[in-house]
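# Coordinate inspection notes
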Amino acid sequence: MKVGVIGLGQMGSGLAASLLKAGHEVTVYNRTRARVEPLLAQGAQSADAIADACRGEAVFTMLSDDAAVQRVAFGDGGIIESLGAGSLHISSSTISVAMSGQLAAAHADRGQRFIAAPVLGRPDMAAIGRLFVFAAGEAGAIDAAKPLLDAIGQRTFVVSHEPQVANAVKLSCNFLIASVIESLGEAMAFIARNGVDRHDYLAMLTSTLFGAPIYTTYGKQIAGGTFSPPGFAAPLGLKDIRLLLQAADDLRVPLPLASLLRDRFLTLLANGGGEALDWSAIGRLAARDAGVDVVSENLL
Ligand SMILES: NC(=O)c1ccc[n+]([C@@H]2O[C@H](COP(=O)([O-])OP(=O)(O)OC[C@H]3O[C@@H](n4cnc5c(N)ncnc54)[C@H](OP(=O)(O)O)[C@@H]3O)[C@@H](O)[C@H]2O)c1
């Protein structure tokens with residue numbers, strides 16, 4: 001298919017590469033031009049403007065947050081203005097439930113099609129087309145997107161005919177991951193205080209009841225204190241917990257644990273953690289609080 005990709009950060013670059021590998025005709029656009037070059041070497045076409053990435057049957061967006069999507073979709077020369085009638089916007093960014101609803105309404109007004117397809121999986125999985133995709137939207141639009149979703153993911157779960165529901169599902173997953181990071185960090189601070197080596201402890205955990213990738217991946221980072229370079233930067237983690245709390249607030253769903261996690265991210269950012277740190281660095285705060293060890297040099 002002819003498809004555009006807008007947003008070539010850690011996730012978008014991998015996503016575009018997977019589409020190319022699957023044989024799709026890919027046109028890429030990124031605000032910062034330098035990120036386009038590696039994709040051109042892999043066979044992508046370059047778009048000088050957002051509108052140039054919107055001339056195919058579909059366009060993906062893989063952007064940081066609501067503000068980026070607001071600019072790229074609703075701004076002058078943006079996707080809403082540029083996409084042809086009947087063409088499809090696939091929004092894979094982790095954005096608010098409300099923003100996804102606004103996109104759905106604006107595209108419908110223009111006779112364009114829209115699905116939300118946020119993803120689970122880190123940049124390494126994006127690069128090899130092994131993401132998990134939560135897709136939502138009208139059935140015909142989901143069917144049209146299938147060859148593209150198959151190229152970027154190992155499995156697509158269709159969760160609703162209302163696009164924004166996929167964003168709610170995605171936010172709930174990131175909440176669960178952040179909860180594991182925090183609880184694993186607390187458990188490791190405790191066992192370290194008891195004189196147990198964190199790596200030995202992790203090896204035991206992951207070979208018993210805690211064999212899930214979340215424990216393996218993040219456990220290694222927390223045990224080793226290795227949070228740079230980030231696969232998912234700490235400010236993006238804070239963004240997602242905020243988006244979850246906002247959506248839950250609208251529905252009057254109290255999420256006390258999510259409120260605690262928001263404060264953990266604020267603590268991390270207030271102590272020198274930023275773009276350069278992975279969000280799993282909140283998992284080392286418990287050790288710092290317990291005076292267990294010298295934490296990562298990037299943290300106080
Ligand atoms: N990294 C992960 O592990 C992961 C996993 C699943 C989902 N996600 C979600 O995927 C999305 C992208 O994450 P990422 O890790 O790829 O982030 P990233 O590496 O920081 O890339 C962000 C992208 O958004 C663009 N952007 C930001 N603000 C913009 C603006 N105002 N106008 C136009 N473009 C703008 C950036 O362009 P520039 O290059 O010009 O800055 C870049 O292309 C986020 O919503 C994130 O929550 C990430």
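For the structure, see preceding data.
Fair warning: this is a prediction, and the values are worked out from it, not measured in the lab.

What counts, and where the lines are drawn
- Residues numbered from 1 in each chain as written.
- Predicted model: local features only at pLDDT ≥ 70, side-chain atom pairs only at ≥ 80, totals over all residues.
- Heavy atoms only, no water.
- Near = heavy atom within 4 Å.
- Polar contact = N/O pair within 3.5 Å; in protein donor to acceptor, adjacent residues only side chain to side chain.
- Areas by Shrake-Rupley, 256 points an atom, 1.4 Å probe, with all protein chains shown as cover.
- 1 Å grid on protein atoms, 1.4 Å probe; cavity = no way out; pocket = protein on both sides within 12 Å on 5 of 7 lines; lining within 4 Å.
- Sits in = over half its atoms within 2 Å of the grid points.
- Helix = DSSP H or I, 4+ residues; strand = E, 2+ residues; numbered from the N terminus.
- Phe/Tyr/Trp six-rings, centres within 6.5 Å; stacked < 30°, edge-to-face > 60°.
- Buried < 20%, exposed > 50% of the residue type's maximum accessible area, 1.4 Å probe, protein only.
- Contact = heavy atoms within 4.5 Å.
- Arc of directions from axis to C-beta.
- Pairing = 2+ DSSP bridges.
- Right-handed = clockwise from strand over helix to strand, strands pointing away.
- Salt bridge = Lys/Arg side-chain N within 4 Å of Asp/Glu carboxyl O.

### Here we look at the site of the ligand
- As a structural note, the neighbourhood of the ligand is formed by 26 residues, with Asn30, Thr32, Arg35, Gly231 and Lys239 the closest of them.
- Within the backbone of Leu63, one N or O atom sits 3.0 Å away from an oxygen atom of the ligand.
- In this structure, Thr94 approaches the ligand through a main-chain N or O atom, which is 3.0 Å from an oxygen atom.
- With the chains in place, 88% of the 900 Å² that the ligand exposes on its own is no longer accessible.
- Given that more than half its atoms are within 2 Å of the pocket grid, the ligand belongs to the largest pocket.
- For the shell around the ligand, the secondary-structure elements that each account for two or more residues are helix H1 (10-21), helix H3 (66-74) and helix H11 (234-250).

### Quick notes on the packing of aromatic side chains
- Summed over the entire model, instances satisfying the criterion amount to 5 aromatic pairs.
- With 6.0 Å between their ring centres and 35° between their planes, Phe134 and Phe157 make a pair best called tilted. Of this pair, Phe134 sits in strand E8 (residues 131-136) while Phe157 sits in strand E9 (residues 153-160), and the two are 23 residues apart along the sequence.
- In this structure Phe157 comes out as partly exposed when scored by relative accessible area, which is 29%.

### Regarding the side chain of Thr27
- Secondary-structure assignment places Thr27 in strand E2 (residues 25-29).
- Among all residues touching Thr27, those that are not within four sequence positions of it are Val3, Gly4, Val5, Gln45, Ser46, Ala47, Asp52 and Ala53.

### Focus on H3
- All of the buried residues along H3 are Ala68, Val69, Val72 and Ala73. Angular distribution of buried residues about the axis of H3 spans 110°; they occupy a single face of the element.
- As for H3, its buried residues are in contact with strand E1 (2-6), strand E4 (58-61), helix H4 (79-82) and helix H5 (97-109).

### Digging into the pairing of E9
- Here E8 runs beside E9; their pairing, made up of 6 bridges, is parallel. Its bridge partner being in E9, Phe132 is matched across the sheet by Arg155.
- Handedness of the crossover is the feature at issue here: the chain leaves E8, passes through helix H7 (residues 139-152), returns alongside E9, and the resulting connection is right-handed.

### Considering the pattern of salt bridges
- As enumerated under the stated definition, the model contains 11 salt bridges in all.
- Among the ionic pairs, Arg33 bridges to Glu37, the shortest N-O distance being 3.4 Å.
- On the basis of relative accessibility, which here comes to 39%, the residue Arg33 falls in the partly exposed class.
- On the basis of relative accessible area, Glu37 is assigned to the partly exposed category, the value being 40%.
- A salt bridge links Asp289 to Arg264; the nearest nitrogen and oxygen atoms lie 3.1 Å apart. With Asp289 in helix H13 (residues 285-289) and Arg264 in helix H12 (residues 256-270), this pair connects stretches of sequence that are 25 residues apart.
- Judged by its relative accessible area of 14%, Arg264 falls in the buried class.
- When salt bridges with common partners are traced through the structure, they connect Glu182, Arg264, Arg288 and Asp289 into a single cluster.

### Quick notes on the pairing of E4
- Taking every second residue as pointing to the same face, both faces of E4 are buried, with Ala58 and Phe60 on one and Val59 and Thr61 on the other.
- By the bridge criterion, 4 bridges tie E1 to E4 in an arrangement that is parallel. Bridge assignment links Ile6 to a residue of E4, and that residue is Thr61.
- Across 4 bridges, the pairing between E4 and strand E5 (residues 88-91) is parallel. What sits directly across from Thr61, in E5, is Ser91.

### Examining the side chain of His89
- Here His89 shows up in strand E5.
- Classification of His89 as buried rests on a relative accessible area of 0%.
- Of the polar contacts made by the side chain of His89, one reaches the side chain of His107; its length is 2.8 Å.
- Contact partners of His89, with chain neighbours within four places excluded, come to Val59, Thr61, Ile79, Leu83, Leu103, His107, Arg113, Phe114 and Ile115.

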